[in-house]
Amino acid sequence: MSDALICGLAGAGAGIIAQLLTYPLETVNTRQQTDRNSKKMKQKIGTIEEMCQVVRQEGWDGLYGGLAPSLVGTAASQGVYYYFYQILRNRAETDAFERKRKGIGDGSVGMFSSLLVAALSGCVNVLLTNPIWVVVTRMQTHTTKDKVNHTKLVASQDEISAVVEPPPYGTSHTIQEVYGEAGILGFWNGVFPTLFMVSNPSIQFMLYETFLKKIRKRRVSSKKGANDVTALEIFLLGAVAKLGATVVTYPLLVIKSRLQAKQDICGDKRHHYKGTLDAMMKIIRYEGFRGFYKGMGTKIIQSVLAAAVLFMVKEELVRGARWLLTGRAAISVR
């Protein structure tokens, strides 16, 4: 099994675990990002309070809307990202080694190369998995009120009186809705700000690799071994790296969520976005620059926790897989 495939599978598994642990926070954050009501910003509803509010009004299902496609998307995204990241990283390390043989550099992958590797991996990931995240965003932002409105649109007045529960808003219905509104291209709504957002994992991995390299150099100089990095240290490195990346790129995340959520075509024109630039200008005009940072506190908690868990679990899975393969190889030789 190749090293890239090991990293890809480990990344997918770690991503699923991190997603399961932090999904309620992600749902609340997506709703905060797509909320166009400027008055709500002044109420200062806390994350925990908002989660409790969703549970009271919609039950626990409200916090886990779109979980199934989200897990598929997480596994696909992390698997694709880590697979291509490892392939490109190996190529960058080979090039760095060749330059060292020619007397150029010290043989290590520089910061710019690390940034480029992460960016290219992110672009491939976005183009392949964006349709999944359009479906997830729709399901996360679909409230009980939306379900009732949908029922009124599809049923006559006599039928409405007989309805007790609105029809379920499942994955297949969401796919049909997106296709009905914009065709195949609708599944790539928000792809442009998402492509720009590859700078988030790029910055994240650049910081992570830089900090990890420094720790390992210190361990080598102190004769503790370059690989003697604990799970807790990986957890903290992942958290710090994700925190820095999230603060820088959060406005792009808000624009992406607004474009992927259901558009209010027949309602207030302020809530209908024609594209990335239109969304940006309307947020500035009607909500001010604060609109770009709606729900940022929730996102920091969710993304930092998820990234820290992902890095820690992924490193342990990779380490375990390599140990199993090495052990089996040693046994077969004997």
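Source: prediction; values computed, not measured.

So, empty space enclosed by the protein
Argument step 1. Scanning the model with the defined rule gives one cavity of 30 Å³ or more in all.
Argument step 2. Taken as a whole, the largest cavity holds about 1,000 Å³ of empty space.
Argument step 3. Residue lining of the largest cavity: 42 residues in total, with Q78, W133, M197, K242 and K299 positioned closest to the centre.
Argument step 4. Secondary structure elements with two or more residues in the lining of the largest cavity: α1 (3-34), α4 (67-101), α5 (111-140), α10 (199-221), α11 (231-260) and α13 (296-333).

Considerations on the UniProt feature "transmembrane region" (unreviewed entry) in the protein
Argument step 1. The sites that carry the UniProt feature "transmembrane region" (unreviewed entry) are, in the present numbering, residues 63-84, 109-128, 187-208, 229-253 and 296-313.
Argument step 2. Secondary structure content for residues 63-84 is 82% helix and 0% strand, and the end C-alpha separation is 32 Å.
Argument step 3. Taken end to end, residues 296-313 is 100% helix and 0% strand, and its two terminal C-alpha atoms sit 25 Å from one another.

Looking at the packing of α1 against helix α3 (residues 47-58)
Argument step 1. It is at 10 Å that the axes of α1 and α3 come closest, and there the two elements cross at 95°. Between α1 and α3, the crossing angle belongs to the class labelled roughly perpendicular. Seen from α1, the contacting residues are P24, L25, V28, R31 and Q32; seen from α3, they are T47, E50, M51, V54 and E58.

Details of the side chain of T74
Argument step 1. Residue placement: T74 occurs in helix α4.
Argument step 2. For T74, a relative accessible area of 5% puts it in the buried group.
Argument step 3. Apart from residues no more than four positions distant in its own chain, T74 is found in contact with G15, I16, Q19, G79 and W133.

Side note on the layout of surface pockets
Argument step 1. Estimated volume of the second largest pocket: approximately 810 Å³.
Argument step 2. Forming the walls of the second largest pocket are 25 residues, and the residues nearest its centre are E93, E209, L212, R216 and R322.
Argument step 3. Those elements giving two or more residues to the lining of the second largest pocket turn out to be α1, α4, α10 and α13.
Argument step 4. Ranked by residues supplied to the lining of the second largest pocket, first place goes to α10 with seven residues.
Argument step 5. Classifying every residue of the lining of the second largest pocket by side-chain character gives 11 nonpolar, four polar and 10 charged.

Regarding the packing of aromatic side chains
Argument step 1. Counting across every chain of the model gives seven aromatic pairs.
Argument step 2. A centroid spacing of 6.0 Å and a plane angle of 90° characterise the contact between Y81 and Y82, whose relative ring orientation is edge-to-face.
Argument step 3. Residue Y81 is classed as buried on the basis of its relative accessible area, which comes to 4%.
Argument step 4. Consider the rings of F289 and F292, whose centres lie 6.3 Å apart with planes at 40°: the pair is tilted.
Argument step 5. Given the relative accessible area of 61%, F289 is considered exposed.
Argument step 6. On the accessibility criterion, F292 (6% relative accessible area) is buried.
Argument step 7. Counting every residue linked through ring pairs, the aromatic cluster contains Y81, Y82 and Y85.

Quick notes on the rules
Residues numbered from 1 in each chain as written. Predicted model: local features only at pLDDT ≥ 70, side-chain atom pairs only at ≥ 80, totals over all residues. Heavy atoms only, no water. 1 Å grid on protein atoms, 1.4 Å probe; cavity = no way out; pocket = protein on both sides within 12 Å on 5 of 7 lines; lining within 4 Å. Points joined across faces, edges and corners; volume = space filled by probe spheres on them. Helix = DSSP H or I, 4+ residues; strand = E, 2+ residues; numbered from the N terminus. UniProt positions renumbered as here; feature names shortened; annotations may be inferred. Axes fitted to C-alpha atoms, helices over the stretch in contact; angles between N-to-C directions. Parallel < 35°, antiparallel > 145°, perpendicular 65-115°, else oblique. Contact = heavy atoms within 4.5 Å. Buried < 20%, exposed > 50% of the residue type's maximum accessible area, 1.4 Å probe, protein only. Nonpolar A, V, L, I, M, F, W, Y, C, P; charged D, E, K, R; others polar. Phe/Tyr/Trp six-rings, centres within 6.5 Å; stacked < 30°, edge-to-face > 60°.

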